Amino acid sequence: MTNTETNGWKFENSYARLPEAFFAETLPEPSPSPELVMLNYPLATSLGLNAEALEDEDGVSVFAGNRIPEGGKPIAQAYAGHQFGHFTMLGDGRAVLLGEQLTPDGNRFDIQLKGSGRTPFSRGGDGRAALGPMLREFIISEAMHALGIPTTRSLAVVVTGAPVHREEPLEGAILTRVAASHLRVGTFQYAAARQVVDDLRTLADYAIERHYPEITGDANPYVSFLEKVIDRQASLIAKWQIVGFIHGVMNTDNMTISGETIDYGPCAFMDTYDPATVFSSIDRQGRYAYGNQPGIGEWNLARLAETLLPLLHDDAEKAIEVAENALSGYAKLYHSYWLKGMRSKLGIFHEEEEDAKLVKDLLTILKDNRADYTNFFLALTNEKLDDLPMCKTPEFDDWDRRWQERLERQPESDEAAKQLMRDSNPAVIPRNHNVEEALDSAIEGDFTVMEKLLEVIANPYDHTAEHDDQYKMPPPPDIPYQTFCGT
């Protein structure tokens, strides 16, 4: 056991009090010679941990799975999921939940080791992870947090001292992931597939208590629960679209009940604006393309609603009616969140009926001109449109006139509108080529490139800092950029 007073771990294990079918007690596999390569100091402090103590041998041994903090109860969670539309019984195949850290401000966060070895749910895999994908999740999850998008976070990465064998031997690593919880739509699918209604109700009660305690006293808290999750996911996916983030693998086991972004595998940020953009090497049909994400979110939520039917109403037909009524609100919620965010990117404070057309016409111009999504809004914010060829077209001139007229109709000052745009349009995102450069250098033992990248993306709305040109859009690649399901 580690010294709790030194490291600051304060664990509880509420999930492990659910029926045993929802998890399997599992110890992480030991790492032969672990070494800490990344530690998120601000996150450690917010969790009530002693960051300096986490760097010593005892601290690193926790991140490596060699020691369990006092109060921890390592488990692998069971869940199911629709993977590219096909239902499968799953579970944590290479992740172990150490416990739930209670923070000084009274919050509770899952502390999970990802890549810590085989579990009863591994299905033939080795349960390990390579260094590159674990560092990718560290970069992207922390970038999402800085952008103000709900997300799991990355506390630490250790190299294990043991290789993992893929197409070639790679350096093994473990990511310590922090989440409001790891409850997923797939967790409820797992419960429903077992057809034990009492267990399903216990799981729903647990999710409500943990994430939505304000609805406990509602007439039917399970209906309220479904509505809450729908609202959270509509808001989350709107935020993805607004910054040009592509998750890449929106399976139902990758949709959280808390409304956090989870599982950064083949994810990336879009450069050239195109709704058909796909980065995942395995998404050959474009199921999870950028433009499809809102609709996939609705599809996934329908799968959640199906699992809750026994709790929504005693009469099966009325339960379906209740579920359909809740789901019917998703599209309006999503559109409202998305349009509000896009208005902010344009410096617009209030609603007008023609705002949606103004935004959609602009996106059509961006697509037709293969414009960089982030850089266009940055240029618009900083009044540097002369540098962009598309801004010399008649189509854009017409749009610009309509936009200026729209701004003139609101009572807020020009400076207030500009400040809203600065607060809504990031100056930098984790560009794909910058991420790859950072990962390549880190794998070779040089973490300075990654550390610099993390420093820059930690303040994405800092429009006063001078960012090097390397954080802008790169020249067109010889081959389309692809990411892989390594995480």
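Just so it is clear, the structure is predicted and the values come from calculations on it, not from any experiment. (Residues numbered from 1 in each chain as written. Predicted model: local features only at pLDDT ≥ 70, side-chain atom pairs only at ≥ 80, totals over all residues. Heavy atoms only, no water.)

J.: For the overall build of the protein chain, give the residues involved together with the corresponding values.
T.: Counting its secondary structure elements, the protein chain contains 17 helices and 13 strands. Relative to its length of 487 residues, the protein chain is compact, with a C-alpha radius of gyration of 23 Å against a globular reference of 23 Å. Dimensions of the protein chain, computed from the C-alpha atoms along their principal axes, are close to 65 × 60 × 45 Å. Pairs at least 24 residues apart make up 72% of the contacts formed inside the protein chain by residues separated by at least 6 positions. Per element, the accessible surface of the protein chain, about 20800 Å² overall, is 49% carbon and sulfur. Here the protein chain contributes 44 positively and 76 negatively charged side chains, and the mean placements of these two sets differ by 3 Å. (Helix = DSSP H or I, 4+ residues; strand = E, 2+ residues; numbered from the N terminus. Rg over C-alpha atoms; globule rule 2.2 N^0.38 Å. Contact = heavy atoms within 4.5 Å. Areas by Shrake-Rupley, 256 points an atom, 1.4 Å probe, with all protein chains shown as cover. Lys, Arg positive; Asp, Glu negative; His and termini not counted. Charge placed at Lys NZ, Arg CZ, Asp CG, Glu CD.)

J.: Can you explain the packing of helix 12 (residues 355-368) against helix 13 (residues 373-382)? Please cite residues and give values.
T.: One can describe the packing of helix 12 onto helix 13 by two numbers: an axis separation of 11 Å at closest approach and a directional angle of 120°. Classed by the angle they form, the pair helix 12 and helix 13 counts as oblique. By crossing handedness, the relation of helix 12 to helix 13 is classed as right-handed. On the side of helix 12, the interface is formed by Leu 362, Leu 363 and Leu 366, while helix 13 contributes Tyr 373, Phe 376 and Phe 377. (Axes fitted to C-alpha atoms, helices over the stretch in contact; angles between N-to-C directions. Parallel < 35°, antiparallel > 145°, perpendicular 65-115°, else oblique. Left-handed = near helix turned anticlockwise from the far one by under 90°.)

J.: So what's going on with the packing of helix 7 (residues 197-211) against helix 9 (residues 293-312)? Residues and values would help.
T.: It is at 10 Å that the axes of helix 7 and helix 9 come closest, and there the two elements cross at 105°. With respect to helix 9, the axis of helix 7 lies roughly perpendicular. Mapping the contact onto sequence places Val 197, Leu 200, Arg 201 and Ala 204 in helix 7 and Thr 307, Pro 310 and Leu 311 in helix 9. Taken together, the residues of the contact of helix 7 with helix 9 break down into five nonpolar, one polar and one charged. (Nonpolar A, V, L, I, M, F, W, Y, C, P; charged D, E, K, R; others polar.)

J.: Summarise the pairing of strand 11 (residues 169-179); cite the residues concerned and give the values.
T.: In terms of burial, strand 11 is largely enclosed, as eight of its 11 residues are buried. In the sheet, strand 8 (residues 108-114) pairs with strand 11 via five bridges, with the strands oriented antiparallel. Bridge pairing links Gln 112 to Arg 177 in strand 11. Inspection of the sheet shows strand 9 (residues 129-130) paired to strand 11 by two bridges, in the antiparallel sense. If you follow Ala 129 over to strand 11, its bridge partner there is Ala 173. Note: strand 10 (residues 153-165) against strand 11, nine bridges, orientation antiparallel. Bridge pairing in strand 11 links Ala 156 to Thr 176. Where strand 10 folds back on strand 11, the antiparallel hairpin that results is connected by three residues. (Buried < 20%, exposed > 50% of the residue type's maximum accessible area, 1.4 Å probe, protein only. Pairing = 2+ DSSP bridges.)

J.: Can you lay out the side chain of Arg 303 for me, pointing to particular residues and giving the numbers?
T.: Position of Arg 303 relative to the elements: it lies in helix 9. Look past the residues within four positions of Arg 303 in its chain and what remains in contact with it is His 82, Gln 189 and Thr 252.

J.: Please set out the pattern of salt bridges residue by residue, giving values where relevant.
T.: Throughout the structure, instances matching the rule amount to 33 salt bridges. With a closest N to O distance of 3.2 Å, Lys 228 and Glu 214 form a salt bridge. On the criterion of sequence distance, the pair formed by Lys 228 in helix 8 (residues 221-243) and Glu 214 in the loop between helix 7 and helix 8 is long-range, its members being 14 residues apart. The residue Arg 343 makes a salt bridge to Asp 355 at a minimum N-O spacing of 2.6 Å. Pair noted here: Arg 343 is in helix 11 (residues 330-345) and Asp 355 is in helix 12, with a separation of 12 residues, a long-range link. Overall, the relative accessible area of 9% leaves Arg 343 in the buried class. The exposure class assigned to Asp 355 is buried, which follows from its relative accessible area of 2%. Each member of the salt-bridge network shares a partner with another, and the members are Asp 92, Lys 114, Glu 137, Arg 177, Arg 184 and Asp 263. (Salt bridge = Lys/Arg side-chain N within 4 Å of Asp/Glu carboxyl O.)

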